[in-house]
Amino acid sequence: SIYSLTKDKEESLEYWNLALQLEPEDTLARYNRGYIFMDLKQFEKAIADFNKTLEIDPTYHKALKGIREVESLIEKGDENTIEAGDKPEEEVQKELSPIEKDKKKDKNKRAKKKKRKNKK
């Protein structure tokens, strides 16, 4: 990400804001901006970006991890900048809300239906 190149959170935030002005549905830009907000301790904005990323693409599991990291920071009252951690896929699946599970099921059903059509 641009943050890894600049090491300046504010500059990175400006970059992602500009990217989202140009392309509001860009999940990568929104996800990365969420992590900048998290590092800046702007947790509500971080969660909003991660949720919007999932709204645009319900299979974007990294956004779920971001939400869990923010929630963990809030619970712990942690003031340290965090590194992104990876959870096993089955843990992420267990943590999906009912709405997220329904969205994922619907997308999987559409994909299976499309496969069946392509086989015929």
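Residues numbered from 1 in each chain as written. Predicted model: local features only at pLDDT ≥ 70, side-chain atom pairs only at ≥ 80, totals over all residues. Heavy atoms only, no water.

1. Concerning the pattern of salt bridges
For the structure on display, the rule yields four salt bridges. The partner of Asp 49 in a salt bridge is Arg 30, with the nearest N and O atoms 3.2 Å apart. You can see Asp 49 sitting in helix H4 (residues 43-56) and its partner Arg 30 sitting in helix H3 (residues 27-39), a full 19 residues away along the chain. Here Glu 55 and Lys 52 are joined by a salt bridge, their closest N and O atoms 3.2 Å apart. (Salt bridge = Lys/Arg side-chain N within 4 Å of Asp/Glu carboxyl O. Helix = DSSP H or I, 4+ residues; strand = E, 2+ residues; numbered from the N terminus.)

2. A look at the packing of H4 against helix H5 (residues 61-76)
The N-to-C vectors of H4 and H5 enclose an angle of 160°; their axes lie 9 Å apart at closest approach. Here H4 is positioned roughly antiparallel relative to H5, judged by the angle of their axes. Regarding H4 and H5, the two cross each other, and that crossing is left-handed. For the pair H4 and H5, contact is made by Phe 43, Ala 46, Ile 47, Phe 50, Asn 51, Thr 53 and Leu 54 and by Ala 63, Leu 64, Gly 66, Ile 67, Val 70, Leu 73 and Ile 74, respectively. Partitioned by chemical class, the residues of the contact of H4 with H5 number eleven nonpolar, three polar and no charged. (Axes fitted to C-alpha atoms, helices over the stretch in contact; angles between N-to-C directions. Parallel < 35°, antiparallel > 145°, perpendicular 65-115°, else oblique. Left-handed = near helix turned anticlockwise from the far one by under 90°. Contact = heavy atoms within 4.5 Å. Nonpolar A, V, L, I, M, F, W, Y, C, P; charged D, E, K, R; others polar.)

3. Notes on the nonpolar core
Core analysis: the largest hydrophobic core is formed by 20 residues, its most contacted members being Tyr 31, Met 38, Ala 46, Phe 50, Ala 63 and Val 70. Residue assignment for this core shows that the elements contributing at least two residues are helix H2 (9-22), H3, H4 and H5. No other element matches H3, which puts six residues into this core. Dropping the residues within four chain positions of it, Val 70 is found in contact with Met 38, Phe 43, Ala 46, Ile 47 and Phe 50. (Core = buried A, V, L, I, M, F, W, Y, C linked by side-chain atoms within 4.5 Å. Buried < 20%, exposed > 50% of the residue type's maximum accessible area, 1.4 Å probe, protein only.)

Just distances and angles here, no functional claims.
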